[in-house]
Amino acid sequence: MAASKFSTATTLTTSIKHTTPFDGICAKISAFYFDLDNTLIPTRAGDSKAIRKLADVLETQYSFTKDDANLATQNFLKSFRRCPDNSQTSLDSWRTHLWRESLQQKHKHLADDIYPQWLKLRYRYLAVPQDYVQLLQRMRRAGYALALITNGPSNAQWEKVAKLRVRGYFDCVLVSSDLPWEKPHPEIFYAACNFLNVKPHECAMIGDKLETDIKGGHLAQLGLTFWTPLNSSSAAQSLDDVEYKPHIKLNNLLDIYKYFPRINQAVPSTVPSAANPRRGSHMCSGSGSGSGSGSGSSSSCSSSSSSSCATTTRQEQQQHHHQQHLQQQQQQQQQYHQWAYRRGGSLPAMDCSNSETENSCDSFL
């Protein structure tokens, strides 16, 4: 059933046995599309925590006064949120430049030392919550296809995917700057449908932004849209004047369990998700060799080594698979930017000037 036929958001209750008007549609869902920033990872809150922690480091390690530390870190955070990427230079160079501009003259020489400490703290606080990881694992074990669809500059978003190690949980990862469209354009959702070999009405979009995730889900006529408000003030806002309303409002991403009993019944896998072959995946190409794909390589390796595995010890098998996994990770890391959407050939990349959380700023250097 098309998403546009629903006009009101549904707020979840806390009952274990949960019955809603959407039960019939939920039963037809075969794929979930996740937003990244502020949905799967706590980008805004995590960046704020990292900056506060770094201010303490500047005081204790670099003898900043409290006021100087707070001024420098807040200046950087504002500049970074406004312009986190510049396509004319590397991420490291751009961010170091932002730090140098944010520091007082007497501290500018410390930018090269401060930047890597901030980066380490940032990804500590952006880590995917473990219960979210378990949710993704359960979804895959339950047979759902999963796609990650994120707006933002290519380098910045792929860095998050790499450092947070989330690509293995998804069959398809789409970054708007690698494509001719960004959310809410329906074509970016159709691209995921093509990858996963599913129809739009079989898919559910989960995201925090009404104007991109929810609106896009409606425009693409996805089966369901789940809204995860950024904070309590967003959750409390009236939706009366919102043109594209979410079908369901989630107080917490984990409330998704209440709508899909099949997920509850699945046991999370202890095997890295990238090793599970999936349809239409960036990581599971048709060739199965030389593509740097996790699942494709895993499948071919397991079949080619089946005869030798019968005569080796369990310890040797584990060591062999561990080496394979490391090789796959290296190959995948080298080919991040080759995972753009293709339909009969490469599509041109485009700069994203209206990203969900980040913009590419090419004129600041």
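Residues numbered from 1 in each chain as written. Predicted model: local features only at pLDDT ≥ 70, side-chain atom pairs only at ≥ 80, totals over all residues. Heavy atoms only, no water.

1. Some remarks on the overall build of the protein
Within the protein one finds 14 helices and seven strands. In the protein, buried positions account for 53% of the 365 residues. Sequence-distant contacts in the protein: of pairs separated by 6 or more residues, those separated by 24 or more amount to 72%. Entry remark: accessible area of the protein is about 17,000 Å², with carbon and sulfur atoms responsible for 48%. (Helix = DSSP H or I, 4+ residues; strand = E, 2+ residues; numbered from the N terminus. Buried < 20%, exposed > 50% of the residue type's maximum accessible area, 1.4 Å probe, protein only. Contact = heavy atoms within 4.5 Å. Areas by Shrake-Rupley, 256 points an atom, 1.4 Å probe, with all protein chains shown as cover.)

2. Description of the side chain of Lys245
With respect to the helices, strands and loops of the structure, Lys245 is situated in the loop between helix H10 (232–236) and strand E7 (248–249). Of the side chains with opposite charge, Asp240 lies nearest to the buried Lys245, which makes no salt bridge, at 6.2 Å. Polar contacts involving the side chain of Lys245 include one to the main-chain carbonyl oxygen of Leu239, which spans 3.3 Å. Reaching out from Lys245, the side chain makes a polar contact with the backbone oxygen of Val242 at a distance of 2.7 Å. (Lys, Arg positive; Asp, Glu negative; His and termini not counted. Salt bridge = Lys/Arg side-chain N within 4 Å of Asp/Glu carboxyl O. Polar contact = N/O pair within 3.5 Å; in protein donor to acceptor, adjacent residues only side chain to side chain.)

3. Considerations on the packing of aromatic side chains
Taken as a whole and assessed by the stated rule, the structure comprises eleven aromatic pairs. Where Phe76 meets Trp99, the ring centres are 4.0 Å apart and the plane angle is 5°; that geometry is what we call stacked. Pair noted here: Phe76 is in helix H3 (residues 66–82) and Trp99 is in helix H4 (residues 91–102), with a separation of 23 residues, a long-range link. No difference in accessibility class separates Phe76 from Trp99, as the two residues are buried. What links up through ring pairs into an aromatic cluster is the set Phe32, Tyr144, Phe226, Tyr259 and Phe260. Residue placement shows Arg122 over the ring face of Tyr123; its charged tip is 5.6 Å from the ring centre. When the ring centre of Tyr144 is taken as reference, the NZ or CZ atom of Arg262 above it lies at 4.0 Å. (Phe/Tyr/Trp six-rings, centres within 6.5 Å; stacked < 30°, edge-to-face > 60°. Lys NZ or Arg CZ within 6 Å of the ring centre and 35° of its normal.)

4. Details of the nonpolar core
Judged by nonpolar contacts, the single largest core of 67 residues is most densely connected at Phe32, Phe34, Leu40, Phe170, Phe226 and Phe260. Counting residues in each nonpolar core, the second largest holds 21 residues, with Ile188, Phe189, Cys193 and Cys203 among its members. (Core = buried A, V, L, I, M, F, W, Y, C linked by side-chain atoms within 4.5 Å.)

5. A word on the pairing of strand E6 (residues 224–227)
Each regular strand shows side chains that alternate between the opposite faces of the sheet. What you see with E6 is no split at all: Leu224 and Phe226 on one side and Thr225 and Trp227 on the other are buried throughout. In terms of handedness, the path from strand E5 (residues 203–207) via helix H9 (residues 210–219) over to E6 forms a crossover that is right-handed. Pairing between E6 and E7: two bridges, direction parallel. Paired with Trp227 across the bridge in E7 is Lys249. (Right-handed = clockwise from strand over helix to strand, strands pointing away. Pairing = 2+ DSSP bridges.)

6. Notes on the pattern of salt bridges
Counted by the stated rule, this structure contains ten salt bridges. One salt bridge in this structure joins Asp171 and Arg140, with 3.2 Å as the shortest N-O distance. Within this pair, whereas Asp171 is found in the loop between helix H7 (154–163) and strand E4 (172–175), its partner Arg140 is found in helix H6 (residues 130–141), the two being separated by 31 residues in sequence. Its salt-bridge partner being Lys183, residue Asp213 comes within 2.7 Å of it at the nearest N-O pair. Placement of the pair is Asp213 in helix H9 and Lys183 in the loop between E4 and helix H8 (186–196), with a sequence separation of 30 residues. By the burial criterion, Asp213 is buried, and Lys183 matches it. Salt bridges linked by common partners bring Asp35, Lys183 and Asp213 together as one network.

7. A few points about the packing of helix H5 (residues 111–125) against H7
In the contact formed by H5 and H7, the axes pass within 11 Å of each other and the chain directions differ by 65°. One element, H5, and the other, H7, form an angle in the roughly perpendicular class. Considering how the two elements wind past one another, H5 and H7 form a crossing that is right-handed. Judged by residue contacts, Leu119, Arg122 and Tyr123 of H5 engage Glu159, Lys160 and Lys163 from H7. Tallied by class, the residues present in the contact of H5 with H7 amount to two nonpolar, no polar and four charged. (Axes fitted to C-alpha atoms, helices over the stretch in contact; angles between N-to-C directions. Parallel < 35°, antiparallel > 145°, perpendicular 65-115°, else oblique. Left-handed = near helix turned anticlockwise from the far one by under 90°. Nonpolar A, V, L, I, M, F, W, Y, C, P; charged D, E, K, R; others polar.)

8. Focus: the confidence of the model for the protein
Detailed reading of the predicted model is not advised wherever pLDDT is low. In the predicted model, the protein carries a mean pLDDT of 78, and the fraction of residues at 70 or more is 68%. Predicted confidence is poor over residues 272–314, with pLDDT under 50, and the contacts of this stretch with residues over four places away or in other chains come to 76 contacts. (pLDDT = per-residue confidence, 0-100.)

9. Notes on the pairing of E4
Neither face of E4 is open: one carries Cys172 and Leu174, the other Val173 and Val175, and all of them are buried. Here strand E3 (residues 145–150) runs beside E4; their pairing, made up of four bridges, is parallel. Opposite Thr150, over in E4, you have Val175 as the bridge partner. Taken together, E3, H7 and E4 form a β-α-β motif whose crossover is right-handed.

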